[in-house]
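These are the residues of each chain, in order.
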Amino acid sequence: MNLVFVNHMHPVTPHVSGMRSWYFARALAQRGHRVVQICEWREGTEPPPPPERLARHLEEHDWTEPLLLAIKPQ
């Protein structure tokens, strides 16, 4: 399956609100599913690829782990 999770909290947030969906996404990816998690960007974490590079980023991703897209709020 191809799945998209949306969670306001970034997985590095030291609270269950940040970890729950990320752990679920990782468990599904380890079972062969392609998972993208979208969350709010957090200081000190990797920013998302520019929109024009997103398609290539999706093609090159190692799907044994979920793809995390942390978006900077506008």
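Residues numbered from 1 in each chain as written. Predicted model: local features only at pLDDT ≥ 70, side-chain atom pairs only at ≥ 80, totals over all residues. Heavy atoms only, no water.

Colleague: Quick one: what's the story with the environment of Gly-18, residue by residue and with numbers?
Modeller: For Gly-18, the position within the fold is in helix 1 (residues 16-30). The contact partners of Gly-18, leaving out residues within four places of it in the chain, are Asn-7, Met-9, His-10, Pro-11 and Thr-13. (Helix = DSSP H or I, 4+ residues; strand = E, 2+ residues; numbered from the N terminus. Contact = heavy atoms within 4.5 Å.)

Colleague: Give a detailed account of the packing of aromatic side chains, specifying residues and quantitative values.
Modeller: Under the counting rule described, the total for this entry stands at one aromatic pair. Aromatic side chains Phe-5 and Phe-24 sit 5.5 Å apart centroid to centroid with 10° between the ring planes, which places their arrangement in the stacked category. Note that Phe-5 is positioned in strand 1 (residues 2-6) and Phe-24 in helix 1, a separation of 19 residues in sequence. A cation sits over an aromatic face here: Arg-26 above Tyr-23, 6.0 Å from the ring centre. Stacked on the ring of Trp-41, the Lys or Arg Lys-72 has its end atom at 4.7 Å from the ring centre. (Phe/Tyr/Trp six-rings, centres within 6.5 Å; stacked < 30°, edge-to-face > 60°. Lys NZ or Arg CZ within 6 Å of the ring centre and 35° of its normal.)

Colleague: Account for the environment of Leu-67, with residues named and values stated.
Modeller: Turning to its location among the elements, Leu-67 is positioned in strand 3 (residues 67-71). Overall, Leu-67 belongs to the buried group, its relative accessible area being 3%. It is 4.7 Å that separates the C-alpha atoms of Leu-67 and Val-36, two residues lying 31 residues apart in sequence. Ignoring any residue separated from it by four or fewer positions in sequence, one finds Leu-67 in contact with Val-35, Val-36, Gln-37, His-57, Leu-58 and His-61. (Buried < 20%, exposed > 50% of the residue type's maximum accessible area, 1.4 Å probe, protein only.)

Colleague: Outline the sheet that holds strand 3, listing residues and values.
Modeller: Taken together, the three strands give an open sheet; going across it, the order is 1-2-3, and neighbouring strands pair in parallel fashion. Of all strands in the sheet, those with a lone pairing partner are strand 1 and strand 3, marking the two edges. Taking each pair of neighbouring strands and ignoring which way they run, the sheet shows an average axis angle of 20°. Bridge count between strand 1 and strand 2 (residues 34-40): five bridges; the pairing is parallel. Of the residues in strand 2, the one forming a bridge with Asn-2 is Arg-34. The sheet strands contacting helix 1 are strand 1, strand 2 and strand 3, and the helix crosses strand 2 at an angle near 165°. (Pairing = 2+ DSSP bridges. Axes fitted to C-alpha atoms, helices over the stretch in contact; angles between N-to-C directions.)

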